Structures are given as structure tokens and as C-alpha cells.
Amino acid sequence: MRRQDVQAAKGCLHDYAALIRWQAAWQPQKVFLVADEEKLTYDALWRRVAAMAVEASFLGVRGDILVLADDFIGQLVSFLALQAIGARPILLHHGMEPEEVRAVQRENGLQGIWRCAGASHLFEPSGLVERTHEEADVLGVLSSGSTGTPKVMYRTYASWAGFFPVQDDIFQVCADTVMFLHGSLSFTGNMNSLLSVLYEGGTVVTSGLMRCRHWEDLMRCHGVNCLYLVPTKLHLMGRAMHGPYAGVSTIFTGSQLLTPDMLRQLQAVFPAARILLYYGASELNYITYAVCDDPDRDSANLGRPFPGIG
């Protein structure tokens, strides 16, 4: 199948559960996810998603659902499984107090909470009436909540997937990408980056540990060639590395500033990497990006707009 035909086929899908099913049929034995010692091929991930979808359907899950999962894989499988039955998952930030969770559910009119702890799954319906969505929304993301109870912002499949060909070309994400990222998928930067790799048919590597030396071991073992981390974590990783690693060809980051010292450190540790700093919230798509090849660049320079951004 020609690349144009593949892109057209993925663009015609309706949610990310359909995308993982499509990729599982296209390349079942390719590894999609490495999470510390656990590996999941595209087919293995789809099988987990399909099994959880059956269970969620049996338990009566419907509507807009908060997802509370213990780990990265639980978040991902829940996110995809709920979409597979037509529900709209909203991943909760870890560490929220029960009253905060109840407030998010109540003030956003959500239909329940899906709890995933290992092999144990529980649905707690709220009894609230399901709202009508004017758009074909497939997921929700939470605002930071810095000014009150977090609000849910909904996204259609096309709103992110339709932009992946643009952002992936700039960030050099493709079928050969092995991307390392770290943290919760409730952080939309992580979710958006993971889904962009899923869209292209690449591989994601992550860890549940906040241990940079372990991250380095995973990178070298699995041939990571792309990094998506916030600047603070990039700085910590650069300080912890045993030595330069030339395998990374792209680093992209946002949410915080990259200082001149950070850039010099990254260029020394990842000598072959093209470093990009983006601006704009990933839940709303990216706005501008800058290629940071000069450590002394003007930090007020927002770079150039992404194609299609007026």
C-alpha cells in the first residue's frame, strides 16, 4: 500500500481504538510499547484493549468517564478500551483527593469513574444524565485546575490525528521512531506524543521510575532515537548520563523554557540531536516551534508557525 493510501486510511478512522486495531492488523508483531521490563506488540496491546472493552461494556460503561489507573499501561489500555465501546475517556491526574475527583465529576456532568488497578477493574456510575455532544468527540482532557476545579475539554479524533502528518514531519516522527517519554498520560503532551507514534506505527519506550540512569539503560537497550520530555527532565537526564549518546536524532519539548546552559548540556550529551522547542497547548494543537541550534538564541523568539496556523 502506498504511503498516501496508508495516510488516507488512518485519516478515515473514527477513534484511537480503531487505530490500534488497524495497526495490529497491519503489523501485529512489531513492538509498540516498552514499559520498563514489559513489552507489548501492536497485536498484544489490541488484545488487551478488546478484552477490557468487553468487560467495560458488560459493566454498563457509557458517556463521559473519568479514568483512574495505577500505571502507564493501565491508563493506555483503559483509554483505548473505553473508546472501543463509544465512551469518552478522561484520564485523571494522579494524586487528586477524592473530593477533588467528585467535584470534577459533578461540575463537568460526567457519567462515572473507571478504576483500573492491575487486573482489577471497577465502574462507579454517577447517575448523571449523559450530555449530547455536537461534535464527534472521542476523548476529554483536563485543564490544570489552577483557578478552581479542572474543566474537561473534549477532542475529536480528527482534531489530533488530522494534524499528526504536519507535526510528525516537523518532529521527525515516523514508523522507524523509537520515542522515549516519561510521566502520566493525563499530561496531554505525553498522550499527544504517544498517539502520534501510534499513528505512524513506531515504538514508545517509557518507565514508571523516576530514575534517569535507568532511563539511559532503556534508551541504549532499545535504540531510542527520539526524546519527548519537559525541559526539567531533559536537564536531569543530561546530568545523569554516563556519556554522550549519538543515537538520538530528535528532541522536542515544551511547557517550560530551555535555558542556554540546558541547550549546551543537551548538545554535548546528544551530539546528533535536532532540538525543537514548541509553543502552544497540545490539547489545542501546536502553534509555533523553534529549532534550538544556537544556545544563545533569543528566548523571546517563538520561532515559526506550524503549517496551517494563521
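None of the values given here were measured: they were computed from a predicted structure.

Engineer: With reference to specific residues and values, describe the overall build of the protein.
Structural biologist: If you tally the helices and strands in the protein, you get eleven helices and 15 strands. Taken over C-alpha atoms, the radius of gyration comes to 19 Å for the protein, in line with the 19 Å a tight globule of 310 residues would show. When the backbone C-alpha atoms are referred to their principal axes, the protein occupies close to 55 × 45 × 40 Å. In the protein, buried positions account for 56% of the 310 residues. If you take every contact in the protein between residues at least 6 apart in sequence, the share linking residues at least 24 apart comes to 64%. By element, 54% of the accessible surface of the protein is carried by carbon and sulfur atoms, the whole surface being about 13600 Å². A gap of 2 Å separates the mean positions of the 25 positive and 31 negative side-chain charges of the protein.

Engineer: Give a detailed account of the nonpolar core, specifying residues and quantitative values.
Structural biologist: Counting residues in each nonpolar core, the largest one holds 65 residues, and the members touching the most others are Y16, F32, L45, W114, F171, L194 and L195. Looking at this core element by element, the count peaks at eight residues for helix α4 (residues 72-84). In this view, F32 contacts L40, T41, Y42, L45, L76, L194, V197, L198, G202, T203 and V204; residues no more than four positions away in its chain are not counted. The next biggest cluster of nonpolar side chains, apart from the first, holds 29 residues, and it includes F180, L234, M237 and V248.

Engineer: Tell me about the pairing of strand β14 (residues 288-291), and please be specific about residues and values.
Structural biologist: Pairing analysis gives four bridges linking strand β13 (residues 274-279) to β14, with the strands arranged antiparallel. Within β14, the residue paired with L277 across the bridge is A290. Note: β14 against strand β15 (residues 304-305), two bridges, orientation antiparallel. Among the inter-strand pairings, Y289 is bridged to a residue of β15, identified as R304.

The rules behind each value
- Residues numbered from 1 in each chain as written.
- Predicted model: local features only at pLDDT ≥ 70, side-chain atom pairs only at ≥ 80, totals over all residues.
- Heavy atoms only, no water.
- Helix = DSSP H or I, 4+ residues; strand = E, 2+ residues; numbered from the N terminus.
- Rg over C-alpha atoms; globule rule 2.2 N^0.38 Å.
- Buried < 20%, exposed > 50% of the residue type's maximum accessible area, 1.4 Å probe, protein only.
- Contact = heavy atoms within 4.5 Å.
- Areas by Shrake-Rupley, 256 points an atom, 1.4 Å probe, with all protein chains shown as cover.
- Lys, Arg positive; Asp, Glu negative; His and termini not counted.
- Charge placed at Lys NZ, Arg CZ, Asp CG, Glu CD.
- Core = buried A, V, L, I, M, F, W, Y, C linked by side-chain atoms within 4.5 Å.
- Pairing = 2+ DSSP bridges.

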